[in-house]
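# Commentary on secondary and tertiary structure
Take a look at the letters that make up each chain.
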Amino acid sequence: MTEERTYIGKRTPGLDEKDKVLGNVIYADDFTLPGMLHAKVFRATKPSAIIKKLNADRARKLPGVACVLTAGDVPNNESISNVVGQTTEVGLLEARHQVLVKNRVRYYGEAIALVAADSVAAAEEAIELIEIEYEEIPGVYNPLEAMKPESPKIHGDNNIIAQWKLRKGDVKRGFAESSVIVENTYRTPRQEHAHIEPESGVSWVDDMGVINIRIATQVIEHYRDVAAVLGIPQSMVRIKGTIIGGGFGGKEDVTAEVFLGLLTWKTRKPVKLTFSREEMGYGRQKRHPYILKYKTGASKDGKLTAMEAEIISDSGAYVYLSPWVLLYSTVHSTGPYFIPNVKVDSFSVLTNNIMTSAFRGFGGMQVAFAYEAQMDEIAKKLKMDPLELRKKNFLKKGSETANYQKITSEVLLKESVEKALSALGEKSKSTETKKTGRGFACSWQSYGRMTYLHDTSSAWVGLELDGSAVVRSGIPDLGGGQRESLRAITAEILGLNIEEVHVISTDSQVTPLAGTVTATRALFMSGNAVKLASEHVLDIITKKASEMLNTSVKELSLKNKTVYTTGGGSIPLVKVIKQCAAEGTMPQSLATYKAPFTDPVKTEVIKDPVFADFTFGAQAAEVEVDTETGIVTILKYASAQDIGRAINVNRVEGQIEGGAAQGIGFGLMEDYIEEKGIPLTLNLATYLIPTSKDIPDIQSIILESKSGKGPFGAKGIGEPAITAAAPALISAICDAIGVRIKHIPATPERVYRAVHDKN
Amino acid sequence: MDNFKYFKPQNFKELLNVKYDLSSAGFPLAGGSNLLIYIKEKSIRSGTLIDITSLKELRGIKKTGDTIEIGAAETISGILESKVLENELPFFSVSMRDFANPLIRNKATIGGNMADASPVADTAPPLLVLDAKVVAASKSGIREIPANEFFSGPGKNNLSKDEIIQKINIPVPERGSGIFLKLGQRKGTSISVTSVAVWIVNDSNKITGIRISLGGVAPVPIRAVNAEKAFSGKIIDENNITALAETLKEDIKPISDLRGSAEYRTAVSINLLKRAILTCLKTEE
């Protein structure tokens, strides 16, 4: 069925694009209030130590300093939460966190004290006046070491903080039936989010005594964390989000909101806190580095027979979202392939390294690097075309995954690969020292949160008397155009001009809570909620109009701010709205969308559906490798993703391009390096991300199966866009030089060594 | 920043006087692309920033006789846009194309890049193979320091405490051709892992004159005298170039750091040198 749509599937104009280009957006740090204090965080300079002495007297006495807070000043400094699905097989069943270090420092950069002063300079000076003495204690910096019983313990008596298992069929039998078996160990880097905008916010107490925090965040629901730390009712904390200058999961965990809440609560004054670039390094979570041991078997005709894997993630010094990231990895570890026999054991391990948590891809990327490399290596052994091999094994609609979950949407992987490869065109020629090569990779990535979390999203839609509409949704706009999509959905359903729909978002006391802008869930969840609310408003209007026109609701449609009957009659929308208002039946609706719910995960063996659905896609690259230097130049690049249904084509392309660029960084250069817990890459001169000169034109190819669970059949694209980038590049490099890089990033030096160790 | 003062001398004489008075507590400020970072990192905690950007004695790119003079406060962008260089010595301006990025090229100056004395300063290898002179000025007069003798260690130069760089003098070579190859870890805004500049004079395929300079393989940018000796007077072909380039090992002492291991730096320096020489010889043909 083809439906005529006005906005859905089109290139709808942006709300903020022009202002962003012109620098007119008021970001979190651009905001100030009269009498505002400036905050700084005093952080540990040891990765593993006991604080023997901490003296802030001199800092407190410095003119201009309003307060210095240490752990003792925090009403509820420590928090403990359960780690889901874990049994006594691992030591810790709890995740422990603290706001400020009480006595033991577990990583370099951990927050110890907070300062608020009347100028940035005074706050910085006060930080320097805080006296501290440490007693260093043995730390552990390698997750493999940390897993050993004799290693120093970070919390409790076991460093393994989560493990998950997949058990399907019988891998022994599966390998026995294999004619080829490929075994490899892969390593992935500790990637930094490196968003342009630092973590930043301003807090104040309003005339009702509510603590207000205006902050760049992906999760306005952190007002609950602030309330918990302060020991005050959740209703007395408000988080108002801002337009975000990049997040990528880096603004998913609490950033500055608890610090701001504490300082404003203590001083009763407005406070601003903005992290420095270096602090964004040592003070913030990263992507988990992984070690992935894979063994994959296939029959002579290219059918996968068995897969066994051990996956280890470095959680750093605190738990944060590590168990959930690891669960994602575990479920996605097979790749988008049907494998009859699967055994996967995965572990997340505490160390004294920088903590790790959410990052676009959320555990899906590391395993994609491994499962796609395995597919290429099997194809090579079987002397089979890598796409032919994959075609024999792709999941299909109705297939069952290794966690016994049925795929409910279309799987357009074959089409994705073919389109991406053909977009590369003619292959460029090699010279003696510049070898060209080509590769591709497939990915699957869930969208929406884990279904046992019973995720919901609420939204309110209402019509004004003049026929314009207001949408209220708590969802933050992460820069992906979340507000634009909601606007397009309401305009489409209510037959309005898109400029007449206003979206109010990201304010915990003004907008209905919509949940986080994470997990590729914003459009899926809030899009559905806004669609539900808009449809309800449409019902109210058509019901009233049917009375006014003396016809049945079925014969009515709403377009161009007019209600039409099939028989040619009509009535202006504003007349209907006025009638509704006169009768007290306001054309407004508060709706809640519920994701598919499942029972909580009970054990480490994942044997039930965990996700609502998946996005499938492929990326392809052509590279040139300079064999005399190891420099890789990307000549051509294409990414094809089945996003179900594009709501706004511009923004889908933005995600596909941005995901590829960030994935290219992960594959080729990004690595937050620590030496025994001491960070070495604290600024953007040493922590390298791709520049515009490193990223080629990315050809975005949108496939629309209309089979997703989002509005109009949409799937999610934020995370899926990044997942296959690194394995596609590594595959292309392998095609060029004949050696597979198993430890990314594939820096020039690693590529050079690969070329020359071969010879 | 309270510990810092700002001073803008009105003329060249005042600059030399104030530099004499302040000695090592006076920091010439041109683009600030290094200096402001040192202040932010607190490796410099106090002093006077002497704004030298508008003094005409430190500006301009001109040819006087057989010498091209580049004012110390000329920006890298200015060098890239200079018609004098484009006509008289395109090698040098072409060499600056991969210097940092457009934003930094608009601020950073040739004098600042040399004075900063980074082992990977991208102005250094091209200036060393051109036998350029650093013109140092102080109250007591001016002196010329050969570029090759200007550096004394990482971040250290041979200027006296009362001296500033006034300009860089480059003798325009009568013959030959040059190339600068820079190896970074990425394509934009990259800091060199290693860099190689060569200047070659070639008579019917025989190298009659050669100067080789490298960055990133020793405490300071260096001239590779052993390699120069090895290549001099040779007719180069695919068969002998590798062995000749290997002599570079006697010239370099690379370290391992975040940007690369000593082993990698050695290997790619040799490869870049081969590539540089072959490219130059092709251009000369």
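Parameters at a glance
Residues numbered from 1 in each chain as written. Chains lettered and ligands numbered in written order. Predicted model: local features only at pLDDT ≥ 70, side-chain atom pairs only at ≥ 80, totals over all residues. Heavy atoms only, no water. Helix = DSSP H or I, 4+ residues; strand = E, 2+ residues; numbered from the N terminus. Rg over C-alpha atoms; globule rule 2.2 N^0.38 Å. Buried < 20%, exposed > 50% of the residue type's maximum accessible area, 1.4 Å probe, protein only. Contact = heavy atoms within 4.5 Å. Lys, Arg positive; Asp, Glu negative; His and termini not counted. Charge placed at Lys NZ, Arg CZ, Asp CG, Glu CD. Buried area = accessible area lost by both parts, 1.4 Å probe. Salt bridge = Lys/Arg side-chain N within 4 Å of Asp/Glu carboxyl O. Polar contact = N/O pair within 3.5 Å; in protein donor to acceptor, adjacent residues only side chain to side chain. Nonpolar A, V, L, I, M, F, W, Y, C, P; charged D, E, K, R; others polar. Pairing = 2+ DSSP bridges. Axes fitted to C-alpha atoms, helices over the stretch in contact; angles between N-to-C directions. Patch = residues over 30% accessible without salt bridge, like charges linked within 9 Å, V, L, I, M, F, W, Y side chains within 5 Å. Areas by Shrake-Rupley, 256 points an atom, 1.4 Å probe, with all protein chains shown as cover. Domains from an automatic or database assignment. 1 Å grid on protein atoms, 1.4 Å probe; cavity = no way out; pocket = protein on both sides within 12 Å on 5 of 7 lines; lining within 4 Å. Points joined across faces, edges and corners; volume = space filled by probe spheres on them. Core = buried A, V, L, I, M, F, W, Y, C linked by side-chain atoms within 4.5 Å.

### A short note on the overall build of chain B
What chain B contains, in helices and strands, is eleven helices and 14 strands. A compact globule built from 285 residues should have a C-alpha radius of gyration of about 19 Å, and chain B, at 19 Å, falls within 12% of that. Seen through its principal axes, chain B has C-alpha atoms that stretch 60 × 45 × 30 Å. Relative to its full complement of 285 residues, chain B shows a buried share of 54%. Long-range pairs, those at least 24 residues apart, make up 61% of the contacts in chain B between residues at least 6 apart in sequence. Charged side chains in chain B number 37 positive and 32 negative. The centres of these two groups are separated by 4 Å.

### Considering the interface of chain A and chain B
Counting from both sides, the interface comprises 27 residues of chain A and, opposite them, 23 residues of chain B. For the chain A face of the interface with chain B, the top three residues by lost area are Glu628(A), Lys693(A) and Glu749(A), together amounting to 24%. At the junction of chain A and chain B, the tally comes to seven salt bridges. Arg275(B) is the salt-bridge partner of Glu628(A), the closest N and O atoms lying 2.8 Å from each other. For the interface between chain A and chain B, the tally reads 13 residue pairs in polar contact (both at pLDDT 80 or more). Elements with a contribution of two residues or more to the side of chain A that touches chain B: strand E27 (632–642) and helix H19 (748–758) of chain A. No other element matches H19(A), which puts four residues into the side of chain A that touches chain B. Of the residues assigned to the side of chain A that touches chain B, the class counts are eleven nonpolar, seven polar and nine charged.

### Re the pattern of salt bridges
All names here are of chain A. With the rule as written, the count across this model stands at 69 salt bridges over all chains. Residues Asp29 and Lys272 are paired through a salt bridge, measuring 3.8 Å at the closest nitrogen-oxygen approach. In this pair, Asp29 sits in the loop between helix H1 (17–22) and strand E1 (37–43) while Lys272 sits in strand E14 (residues 271–274), placing the two residues 243 residues apart along the sequence. Exposure remark for Lys272: the relative accessible area of 10% places this residue in the buried category. The partner of Lys148 in a salt bridge is Glu145, with the nearest N and O atoms 3.1 Å apart. The network of salt bridges with common partners includes Asp16, Glu17, Lys20, Asp477, Arg483, Glu484 and Arg651.

### Let's talk about the sheet that holds E27(A)
Residue and element names in this part refer to chain A. On the basis of which strands lie adjacent, the open sheet formed by four strands has the order E18-E26-E27-E30 and mixed pairing. The open sheet has two edge strands, strand E18 (434–447) and strand E30 (698–703), and neither has a second partner. Adjacent strand axes in the sheet meet at a mean angle of 15°, parallel and antiparallel pairs treated alike. Of the pairings in the sheet, the one linking strand E26 (residues 613–626) to E27 comprises nine bridges and is antiparallel in character. Its bridge partner lying in E27, Val625 is registered against Val632.

### A few points about a nonpolar patch on the surface
A contiguous nonpolar surface patch, about 200 Å² in accessible area, is contributed by Ile678(A), Leu680(A) and Leu258(B). By the secondary structure assignment, Ile678(A) is in strand E29 (residues 678–679).

### Some thoughts on the domain arrangement of chain A
Residue and element names in this part refer to chain A. Taken domain by domain, chain A consists of domain 1 (17–24 + 456–594), domain 2 (31–137 + 199–274) and domain 3 (290–450 + 601–758). For domain 2 versus domain 3, the distance between C-alpha centres works out to 35 Å. Counting from both sides, the interface comprises 24 residues of domain 2 and, opposite them, 27 residues of domain 3. For the pair domain 2 and domain 3, the number of links is zero salt bridges. Counting the contacts that link domain 2 with domain 3 gives eight residue pairs in polar contact (both at pLDDT 80 or more). Looking at the side of domain 2 that touches domain 3 element by element, the count peaks at five residues for strand E5 (residues 94–98). Grouping the amino acids of the side of domain 2 that touches domain 3 by side-chain chemistry returns eight nonpolar, nine polar and seven charged.

### A word on empty space enclosed by the protein
Inspection of every chain in the model, using the stated rule, returns five cavities of 30 Å³ or more. One number sums up the size of the largest cavity: a volume of about 130 Å³. In terms of lining residues, the largest cavity is bounded by 14 residues, among which Val632(A), Leu668(A), Met669(A), Asp694(A) and Gln185(B) are the most central. Sorting the residues of the lining of the largest cavity by element identifies E27 and helix H16 (649–668) of chain A as the ones contributing at least two each. Of the residues contributing to the lining of the largest cavity, the split by class is eight nonpolar, three polar and three charged.

### Considerations on the side chain of Ser322(A)
All names here are of chain A. Mapped onto the elements, Ser322 comes out in helix H9 (residues 322–332). Owing to a relative accessible area of 1%, Ser322 belongs among the buried residues under this scheme. In terms of polar contacts, Ser322 uses its side chain to reach the backbone carbonyl oxygen of Val319, at 2.9 Å. In contact with Ser322, not counting residues within four places along its chain, are Ile161, His288, Ser315, Ser348 and Thr356.

### Some words on the nonpolar core
Counting residues in hydrophobic clusters, the biggest one holds 120 residues, and the most contacted among them are Tyr294(A), Ile311(A), Tyr637(A), Ile733(A) and Ile737(A). A total of eleven residues in this core trace back to one element, the largest contributor, which is helix H10 (residues 364–382) of chain A. With residues up to four places along the chain from it excluded, the contact list for Tyr637(A) reads Leu424(A), Gln619(A), Ala620(A), Ala621(A), Ala660(A), Ile664(A), Pro696(A), Asp697(A), Ile698(A), Gln699(A), Ala725(A) and Leu729(A). With 75 residues, the next largest nonpolar core counts Ile70(B), Leu159(B), Ile212(B) and Ile252(B) among its residues.

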